[in-house]
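Take a look at the letters that make up each chain.
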Amino acid sequence: MSDKTVKDIENEVSDWWKTSIIDMEPGKIHFSGYAIEDLIGNISFPGMIWLMTRGELPSKGQAALLEAALVAAVDHGPQAPSIAIARMAATCGVGLNNAMASAVNVLGDVHGGAGEQAVGLYHDIAARMDSGASLADATAAGLDHQIAEHGKHIPGFGHRFHPLDPRAPRLLSLVEKAAAEGIVSGRFGQIASQIEETLLQRKGKRIPMNIDGATAVIYAELGFAAPLARGLFCLSRSVGILAHAWEQTNQGGRNKGPIPRRLIWNYDGPERRPFPKDVGDQ
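Computed from a prediction, not measured in an experiment: that's the story for all the values here.

In terms of nonpolar packing, the biggest core is built from 47 residues, with Tyr122, Phe157, Ile195 and Tyr219 touching the most fellow members. Listing elements by their share of this core, those giving two or more residues are α3 (45-54), α4 (60-72), α7 (114-130), α8 (135-150), α9 (167-180), α10 (187-203), α11 (211-221) and α12 (226-251). If you tally residues by element for this core, the top one is α11, at seven residues. When residues no more than four places from it in sequence are discounted, the contact partners of Tyr219 are Leu66, Ala69, Leu70, Val119, Phe224, Ala229, Leu232 and Phe233. By size, the runner-up hydrophobic cluster in this structure holds eight residues, among which are Ala86, Ala89, Ile241 and Ala245.

Attention now moves to the side chain of Gln194. Within the secondary structure, Gln194 is located in helix α10. Discounting chain neighbours no more than four positions away, the residues touching Gln194 are Leu135, Ala136 and Thr139.

Here we come to the packing of α7 against α11. Packed helices, taken two at a time, are described by the angle their axes make and the gap between the axes. Running from amino to carboxyl end, α7 crosses α11 at an angle of 55°, the nearest separation of the two axes being 8 Å. When the axes of α7 and α11 are compared, the pair comes out oblique. For α7 against α11, the interelement crossing comes out right-handed. Contacts between α7 and α11 involve Ala114, Gly115, Ala118, Val119, Tyr122 and His123 from the former and Asp212, Gly213, Ala216, Val217, Tyr219 and Ala220 from the latter.

Under the counting rule described, the total for this entry stands at 10 salt bridges. In this structure, the salt-bridge partner of Arg230 is Glu116, at a minimum N-O distance of 2.7 Å. Pair noted here: Arg230 is in helix α12 and Glu116 is in helix α7, with a separation of 114 residues, a long-range link. A relative accessible area of 17% places Arg230 in the buried class. Note on Glu116: relative accessible area 21%, which makes it partly exposed. Bridged by salt links that share partners, the residues Asp109, Glu116 and Arg230 form one connected network.

The next thing to look at is the sheet that holds strand β3 (residues 34-35). Two orientations exist for strands paired in a sheet by backbone hydrogen bonds: parallel and antiparallel. Within the open sheet, the three strands sit side by side as β1-β2-β3. Their pairing is antiparallel. Two strands lie at the open edges of the sheet, namely β1 (22-25) and β3, each paired on one side alone.

As a further point, take the packing of α9 against α11. Where α9 contacts α11, the two axes come as close as 8 Å, and the packing angle between them is 20°. The orientation of α9 with respect to α11, classified from their angle, is roughly parallel. Like other packed secondary-structure pairs, α9 and α11 cross with a definite hand, here left-handed. Of α11, the residues touching α9 (which contributes Arg167, Ala168, Leu171, Leu172 and Val175) are Ile211, Ala214, Thr215, Val217, Ile218 and Glu221.

By the bridge criterion, four bridges tie β1 to strand β2 (residues 28-31) in an arrangement that is antiparallel. Residue pairing across strands places Met24 opposite Ile29, the latter belonging to β2. What sits between the antiparallel neighbours β1 and β2 is a turn of two residues, in which Gly27 has the positive phi angle 85°. In textbook terms, the turn of a hairpin is the stretch between consecutive antiparallel strands, and for β2 and β3 this stretch comprises two residues, one of which, Ser32, has a positive phi near 50°.

This part covers a nonpolar patch on the surface. There is a patch of nonpolar side chains on the surface, built from Ile21, Ile22, Met24, Ile29 and Met52 and spanning about 410 Å² of accessible area. Topologically, Ile21 is positioned in the loop between α1 (6-14) and β1. By relative accessible area, Ile21 is classed as partly exposed at 34%.

Backbone geometry places Ser32, a non-glycine residue, at a positive phi of 50°. Along the chain, Ser32 falls in the loop between β2 and β3. In this structure Ser32 comes out as partly exposed when scored by relative accessible area, which is 26%. Despite not being glycine, Asn255 shows a phi value in the positive range, around 50°. Relative to the helices and strands, Asn255 is located in the segment after α12. Exposure remark for Asn255: the relative accessible area of 56% places this residue in the exposed category.

Definitions and limits used
- Residues numbered from 1 in each chain as written.
- Predicted model: local features only at pLDDT ≥ 70, side-chain atom pairs only at ≥ 80, totals over all residues.
- Heavy atoms only, no water.
- Core = buried A, V, L, I, M, F, W, Y, C linked by side-chain atoms within 4.5 Å.
- Buried < 20%, exposed > 50% of the residue type's maximum accessible area, 1.4 Å probe, protein only.
- Helix = DSSP H or I, 4+ residues; strand = E, 2+ residues; numbered from the N terminus.
- Contact = heavy atoms within 4.5 Å.
- Axes fitted to C-alpha atoms, helices over the stretch in contact; angles between N-to-C directions.
- Parallel < 35°, antiparallel > 145°, perpendicular 65-115°, else oblique.
- Left-handed = near helix turned anticlockwise from the far one by under 90°.
- Salt bridge = Lys/Arg side-chain N within 4 Å of Asp/Glu carboxyl O.
- Pairing = 2+ DSSP bridges.
- Patch = residues over 30% accessible without salt bridge, like charges linked within 9 Å, V, L, I, M, F, W, Y side chains within 5 Å.
- Areas by Shrake-Rupley, 256 points an atom, 1.4 Å probe, with all protein chains shown as cover.

So yeah, pure geometry; function would need other evidence.
Next up, the structure:
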């Protein structure tokens, strides 16, 4: 017979999952100590995201800056793989949750991960500055390390569609304003701007910051860890994914692939050939 008491078993069950995020009992729900009824109507959705991921309430200015980053990245049209996949999934007859899950699942290192990578780069440069390097020297060394480890592509800079991403300057202006008001330090905005200048010196042409680089500035300024930058992008892009999946559902259409039906892919395999008579299961 087990020596465990009923209380021991209850404690073991209670400790199976441990969380500081939510505390709940019949009729009561608290998030990091705050009652849900006090949060409802008094905190914005970005503020709730902050509370859930950080365990404390943001200031009004912090919540506003986070909201700006989330708004900026909601959609980039069906030429973005995540949006195209949401629409294609909707034409396959699945529900909105399936279409959204299919789309979110492709937000990986190449499509969706640049913000996380940019925050990592900014943090690396900041660490070099903390060790005594100047902004220019730390940026040059950080870029060299980035290229040596991950190749010549610099996350958060350059865009295959926009010569100048219209979202980035607006976000950076909000960071500058927040820094002037003491909401953030402005340090990571300066680092990102120095990256742009260093790339200009090296390549002889400007490679402007894109949405990923600009939102990464905000997430770094607000103190979010690099992996959370990708999670926050997923939350943001899910809004566009939902909108496109819903629109496509209402438009109808069946089994729409990535290219119109009249177009065909390029085949580069063997020429058409007969099946050999001396090979097979018979």
